[in-house]
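In case you want the letters, here they are:
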2 protein chains.
Amino acid sequence: MEIVTLSRGVYEANCPTRHVLDVIADKWTTLIIGLLADGPRRFAELHRQIGGISQKMLTQTLRSLERDGLVQRTVYAQVPPRVEYALTPMGQTICEPLTALISWAEENIKAITDAQQRYAEASS
Amino acid sequence: MEIVTLSRGVYEANCPTRHVLDVIADKWTTLIIGLLADGPRRFAELHRQIGGISQKMLTQTLRSLERDGLVQRTVYAQVPPRVEYALTPMGQTICEPLTALISWAEENIKAITDAQQRYAEASS
DNA sequence: CCGTATCCTAATGGATACTG
DNA sequence: CAGTATCCATTAGGATACGG
């Protein structure tokens, strides 16, 4: 198996790439992007479809994504208000590496659970 | 561009895959795995090479990785003590999706910074 | 050298109530 | 409907000191 070494800069304390990684390495971000990869969604749809997210965190995460240029927020001037969230072109490019990672998680969930089991037993 | 939809289960509140994602979606985990992909390291090496990590967080993150079966911890019985950390076979399999994500981050750092700039100017 | 233990602060994030 | 505002509990995580 070939191993790709990361660029050195990542390991320096103030590396900007680390800031970008922090953006992605978020509990909710991954899930939101995963949903939007399927097509635009309204606020309430996202809220309903993502189990356990609070309104506050949904708003906050969407704002970050918008700020970082991964998500486009569109407000339709009507009553009641209608707001749609969609991935930007840049946002779409992250889907592939992200789904690869999630696939890995799904494929290895059992192996990891087993490892945790063994670890717990070993330290008892 | 083809978009892969995530499995539905991920969006349920107590989905075990989300726990696995949380494992990876950590500030330090990514960097540690990136270093170990290159070969085994000692504690002090990791501490030196990862800028800004505290001893506490390094220990904590390494324990998690060991617990999850991604990292193998080997203690050599000698004085002064020598402890080596290496990726397990499972740990190696995550390198590819992880480096893909980090590559994405490095390729898009400028676009994201620019987007943040525009966002800040628009809201002033 | 490789940790653990303790203390302490800042940030996270849920619950709830209220608004255009 | 799509938020904002406020309060509050929990946690994350740095600094420091100490131990095998």
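Relevant structure appears above.
Residues numbered from 1 in each chain as written. Chains lettered and ligands numbered in written order. Predicted model: local features only at pLDDT ≥ 70, side-chain atom pairs only at ≥ 80, totals over all residues. Heavy atoms only, no water.

**Structural notes on the pairing of strand 3 (residues 82–87) of chain B**
Residues and elements named next belong to chain B. Put simply, the rule is: At least two bridges found by DSSP between two strands is the condition for calling them paired. Every helix listed is a DSSP run of H or I at least four residues long, and every strand listed is a run of E at least two residues long, numbered separately from the N terminus.
Where strand 1 (residues 41–42) and strand 3 come together, 2 bridges link them in antiparallel fashion. Within the sheet, the bridge partner assigned to arginine 41 lies in strand 3 and is tyrosine 85. Sheet topology places strand 2 (residues 71–76) next to strand 3; 6 bridges connect them, and they run antiparallel. Bridge pairing in strand 3 links glutamine 72 to alanine 86. With antiparallel pairing between neighbouring strands as the criterion, strand 2 and strand 3 make up a hairpin whose turn holds 5 residues.

**Overview of the protein's contact with DNA strand C**
Going by this rule: A cutoff of 4 Å decides nearness: a residue is near a molecule or strand if any of its heavy atoms lies inside that distance of it. In protein, a polar contact means a hydrogen-donor-capable atom and an acceptor-capable atom, both N or O and within 3.5 Å, with residues adjacent in sequence counting only if both atoms are side-chain atoms; elsewhere, any N or O pair within 3.5 Å suffices.
Around DNA strand C, a shell composed of 17 residues is seen, among which Lys56 of chain A together with Gln55, Thr59, Arg73 and Tyr85 of chain B lie nearest. When atoms of DNA strand C within 4 Å of the protein are sorted by moiety, sugar and phosphate together comprise 54%. Contact between DNA strand C and arginine 73 of chain B: a phosphate oxygen at 2.4 Å from a side-chain N or O atom of the residue. Within the backbone of proline 81 of chain B, an N or O atom sits 3.3 Å from a sugar or linking oxygen of DNA strand C.

**Quick look at the nonpolar core**
Heads up, the condition is: Throughout this description, the term nonpolar core refers to a set of buried Ala, Val, Leu, Ile, Met, Phe, Trp, Tyr and Cys residues connected via side-chain atoms within 4.5 Å. Accessibility here uses a 1.4 Å probe with only protein chains present; expressed as a share of the type maximum, an area under 20% marks a residue as buried, one over 50% as exposed, and anything in between as partly exposed. The contact definition used throughout considers only heavy atoms, calling two residues in contact when any of these lie within 4.5 Å.
In terms of nonpolar packing, the biggest core is built from 66 residues, with Ile50 and Trp104 of chain A together with Ile50 and Trp104 of chain B touching the most fellow members. For isoleucine 50 of chain B, the contacting residues outside a window of four places in its chain are Tyr11 and Arg18 of chain A together with Trp28, Leu31, Ile32 and Leu35 of chain B.

**With respect to the protein's contact with DNA strand D**
For the record, the criterion: Throughout this entry, Asp, Glu, Lys and Arg are counted as charged residues, while Ala, Val, Leu, Ile, Met, Phe, Trp, Tyr, Cys and Pro are counted as nonpolar. The remaining residues, Gly among them, count as polar.
In the vicinity of DNA strand D there are 16 residues, among which Gln55, Arg73 and Tyr85 of chain A together with Ser54 and Lys56 of chain B approach most closely. Counting only the atoms of DNA strand D within 4 Å of the protein, the fraction contributed by sugar and phosphate is 55%. At 2.6 Å, a side-chain N or O of arginine 73 of chain A approaches a phosphate oxygen of DNA strand D. Only helix 3 (43–49), helix 4 (55–67) and strand 3 (82–87) of chain A together with helix 4 (55–67) of chain B provide two or more residues apiece to the surface near DNA strand D. If one sorts the elements of the surface near DNA strand D by residue count, helix 4 of chain A sits on top with 4 residues. Per-class residue counts for the surface near DNA strand D are 8 nonpolar, 3 polar and 5 charged.

**Remarks on the relation of the copies chain B and chain A**
Put simply, the rule is: Here the copies are matched by least squares. The fit uses the C-alpha atoms of residues with pLDDT of at least 70 in both.
Under the fitted operation, chain B is carried onto chain A by 0.0 Å of movement along the axis and a turn of 180°, and the coordinates agree to an RMSD of 0.0 Å. Here the transformation between the copies is reduced to the relation of a two-fold axis. Rotation axis and chain B: the residue whose C-alpha lies nearest the axis is alanine 25 of chain B, separated from it by 2.1 Å.

**Here we look at the packing of helix 6 (residues 95–122) of chain A against helix 1 (residues 16–24) of chain B**
As a reminder, the rule being used: Note on method: axes are straight lines fitted to C-alpha atoms, helices fitted across the in-contact stretch only, with angles between N-to-C directions ranging 0 to 180 degrees. These descriptions rest on fixed angle ranges, namely under 35 degrees for roughly parallel, over 145 for roughly antiparallel, 65 to 115 for roughly perpendicular, and the rest for oblique.
Put simply, helix 6 of chain A and helix 1 of chain B touch, their axes get as near as 9 Å, and they point 110° apart. When the axes of helix 6 of chain A and helix 1 of chain B are compared, the pair comes out roughly perpendicular. Seen from helix 6 of chain A, the contacting residues are Leu101, Ile102, Trp104, Ala105, Glu106, Ile109 and Ile112 of chain A; seen from helix 1 of chain B, they are Pro16, Thr17, Val20, Leu21 and Ile24 of chain B. A per-class count over the contact of helix 6 of chain A with helix 1 of chain B returns 10 nonpolar, 1 polar and 1 charged.

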